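Descriptive analysis of the structure
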Amino acid sequence: MRTIKLFHKSLAGKNFEQKLLAWGQKSNEIIYLDSNQSEHLYQNYEAILAVDAFTALKSDDLYAFEKLNEYQSKTKDWLFGYLSYDLKNDIESITSKNEDHLLFPELYFIQPKKIWLLKDDIIEAHYLKMVDDEIEDDFNSILKAEIPKSKSQLLEFSPRWQKEEYVSKAKQVLSHIQRGDIYEVNFCQEFFREHAEIDPYATFSNLNLASKAPFSSFLKLENFYALCASPERFLRKENDKLISQPIKGTSKRGKEISEDEKLKSDLKNDPKEISENIMIVDLVRNDLSKTATKSTVNVEELCEIYSFEQVHQMISTITSLVKSSYSVTEILESLFPMGSMTGAPKHSAIKIAEKYESTKRGLYSGAIGYITPENDFDFNVVIRTLLYNSETKYLSYMVGSALTSLADPEREYEECLVKGKALQYVVNATTVTED
Ligand SMILES: C=C(O[C@@H]1C=C(C(=O)O)C=C[C@H]1O)C(=O)O
């Protein structure tokens, strides 16, 4: 069904990833995934570009996972796209009445005509037969693609809540924890801008350069854009192995090495962050056990600290072997939405977050990724992401943090600001371009 052609990356010169994304900009549908050559455990491709939809699946209705299952069985091909957080309503029988200004469809996947996969020294082009005579020409055009200099833009974001409002809501959420309704919840707030004129490509280039996150992505489907600098993997499947890498525990980076090392070691030893992380590890173990063969759920790394450009993060890696009878969508549905973005117990945490948050999360807290013809897949967690509707000119990002009985709302507010810093900075950027 697809023609595959290989090229050597060493022959393609410098900045091939950037040229690839620049070349892809002329396409109507673009999904670009970039690991920023990170040394993350279980890193797979260095980068992937998928462009031009041959077919697409969009859903705003119930039974989205069933539709995805049908679409996948019919196409038996590579699929790229996203699952939004609000698919939870389908899974957990919850309704969401929170405000939605972005209006993204709840689920959107495409079967791209053209795919470029980068791994080690190899560049693979996977083209549908109808366009396979364009591979060589496209490769030459990519090599010649100009990487535009990012433009600076000065945009301020408005908070949906002032700090006092956040603190008062966080206290109400904490009272549910004290009453024993839940023991952890990921509580989120929105920063937004109306009538925003941005160049999504330049903004993403700035963001990606400033963050170098292992699960970054640039997504454009119609007028819906995600400019994502996520450090977090939701779920990967390779053959019969599932890998989930939840993050709980965040600290800012220090300016000096000694300060940075102290912040890192404080995070590693902070009982609140450790307990937050372990609660989610337990939840993920439970979710994985639903589809696992006996005694195969395994915590491979617990509370390891990984350092990124703006933040230190505490990450755990949990794996399992999945029974062969489960389909891709059954596996995704059994873990969605990811525990790190809900809290625990999952159902009650989702309901409580929904009640006290005022913005519908939409694609934030969802997952962007791909499914292969061999039924493997890899999806990130959509955080540290600017979402943009180029028709309505609404630009927004959300940030959140885990509240447990040990949480201090003032500190949680500060943690949210740390997480949003890169997003504010790139849109306000004047100097992040690199030659
Ligand atoms: C909610 C966010 O991040 C989540 C919460 C984290 C935490 O509490 O430390 C870390 C990573 C994410 O799972 C966000 O970045 O908006």
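For the structure given in this document, a descriptive report is provided here. (Residues numbered from 1 in each chain as written. Predicted model: local features only at pLDDT ≥ 70, side-chain atom pairs only at ≥ 80, totals over all residues. Heavy atoms only, no water.)

Surveying the vicinity of the ligand reveals 19 residues, the closest of which are Glu232, Gly249, Thr250, Tyr364 and Arg384. Note that an oxygen atom of the ligand is positioned 2.7 Å from one of the side-chain N or O atoms of Thr250. Against a free-state accessible area of 390 Å², the protein chains account for coverage of 100% of the ligand. The set of elements that each furnish at least two residues to the shell around the ligand consists of strand 13 (247–252), helix 10 (339–342), strand 20 (394–403) and helix 12 (409–427). In terms of residue count, strand 20 provides more of the shell around the ligand than any other element does, five residues in total. Its residues placed into classes, the shell around the ligand shows seven nonpolar, six polar and six charged. (Near = heavy atom within 4 Å. Polar contact = N/O pair within 3.5 Å; in protein donor to acceptor, adjacent residues only side chain to side chain. Areas by Shrake-Rupley, 256 points an atom, 1.4 Å probe, with all protein chains shown as cover. Helix = DSSP H or I, 4+ residues; strand = E, 2+ residues; numbered from the N terminus. Nonpolar A, V, L, I, M, F, W, Y, C, P; charged D, E, K, R; others polar.)

To continue, consider the nonpolar core. Formed by 64 residues in total, the largest nonpolar core has its most connected members in Trp116, Tyr166, Phe218, Leu386, Leu395 and Leu403. Apart from residues no more than four positions distant in its own chain, Leu386 is found in contact with Phe157, Thr203, Tyr225, Ala226, Leu227, Leu395, Ser396, Tyr397, Leu423, Val426 and Val427. Among the nonpolar cores identified, the runner-up in size contains 62 residues, and Phe80, Phe104, Phe234 and Ile383 belong to it. (Core = buried A, V, L, I, M, F, W, Y, C linked by side-chain atoms within 4.5 Å. Buried < 20%, exposed > 50% of the residue type's maximum accessible area, 1.4 Å probe, protein only. Contact = heavy atoms within 4.5 Å.)

Our focus in this paragraph is the layout of surface pockets. Empty space among the atoms can be located by rolling a probe the size of a water molecule over them. A volume near 330 Å³ is recorded for the second largest pocket. If you go around the second largest pocket, you meet 14 residues; those closest to its centre are Thr250, Ser251, Lys252, Arg411 and Glu415. Where the lining of the second largest pocket is concerned, the elements lending two or more residues are strand 13, helix 7 (257–269), helix 8 (271–289) and helix 12. The element best represented in the lining of the second largest pocket is helix 12, accounting for five residues. A class-by-class count of the residues in the lining of the second largest pocket yields three nonpolar, two polar and nine charged. (1 Å grid on protein atoms, 1.4 Å probe; cavity = no way out; pocket = protein on both sides within 12 Å on 5 of 7 lines; lining within 4 Å. Points joined across faces, edges and corners; volume = space filled by probe spheres on them.)

Opposite charge on two side chains makes pairing possible when the charged atoms of those side chains draw close. Going through the model one piece at a time under the given rule, you end up with 29 salt bridges. The residue Asp86 makes a salt bridge to Lys88 at a minimum N-O spacing of 3.0 Å. Residue Asp86 is classed as buried on the basis of its relative accessible area, which comes to 2%. Among the ionic pairs, Arg253 bridges to Asp260, the shortest N-O distance being 2.7 Å. (Salt bridge = Lys/Arg side-chain N within 4 Å of Asp/Glu carboxyl O.)

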